[in-house]
Amino acid sequence: MYGWIWRHLPGNAWVRGLISLVLALGVVFLLFQYVFPWAEPLLPFNDVTVDGQ
């Protein structure tokens, strides 16, 4: 998959590296802004089984 993306990006290696970095940062931004907040209520992080006594 990464090879396919690399071959289809325009420019030389420096331009491809810069575009790849921007794409990766965009994916991280989308994950933190939309995907993780949506999935957080579905995850059992607040379901503790230890008593408070």
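Each value, and the rule that gives it
- Residues numbered from 1 in each chain as written.
- Predicted model: local features only at pLDDT ≥ 70, side-chain atom pairs only at ≥ 80, totals over all residues.
- Heavy atoms only, no water.
- Helix = DSSP H or I, 4+ residues; strand = E, 2+ residues; numbered from the N terminus.
- Rg over C-alpha atoms; globule rule 2.2 N^0.38 Å.
- Buried < 20%, exposed > 50% of the residue type's maximum accessible area, 1.4 Å probe, protein only.
- Expected span 1.5 Å × (residues − 1).
- Bend = angle between axes of the 7 residues up to and from the residue.
- Polar contact = N/O pair within 3.5 Å; in protein donor to acceptor, adjacent residues only side chain to side chain.

Regarding the overall build of the protein chain
Part 1: Secondary structure assignment for the protein chain yields 2 helices and 0 strands.
Part 2: Its C-alpha radius of gyration of 19 Å places the protein chain more than 25% over the 10 Å reference for a compact globule of 53 residues.
Part 3: Referenced to the eigenvectors of the C-alpha coordinate spread, the extents of the protein chain come out at roughly 65 × 20 × 15 Å.
Part 4: Every one of the 53 residues in the protein chain was classed for burial, and the buried ones make up 4%.

With respect to the environment of valine 22
Part 1: Structurally, the position occupied by valine 22 is in helix H2 (residues 13–39).
Part 2: Overall, valine 22 belongs to the exposed group, its relative accessible area being 53%.
Part 3: Taking C-alpha positions, valine 22 is 42 Å from threonine 49, a pair spaced 27 residues apart along the chain.

Section: H2
Part 1: For H2, built from 27 residues, the straight-helix expectation of 39 Å at 1.5 Å per residue is met to within 8% by its first-to-last C-alpha distance of 36 Å.
Part 2: Its axis deflected by about 40° at leucine 31, H2 carries its strongest bend there.
Part 3: Among the residues of H2, the N-terminal cap falls to asparagine 12, whose side-chain oxygen and the backbone nitrogen of tryptophan 14 are separated by 3.3 Å.

Remember, this is a structural readout, not a statement about activity or role.
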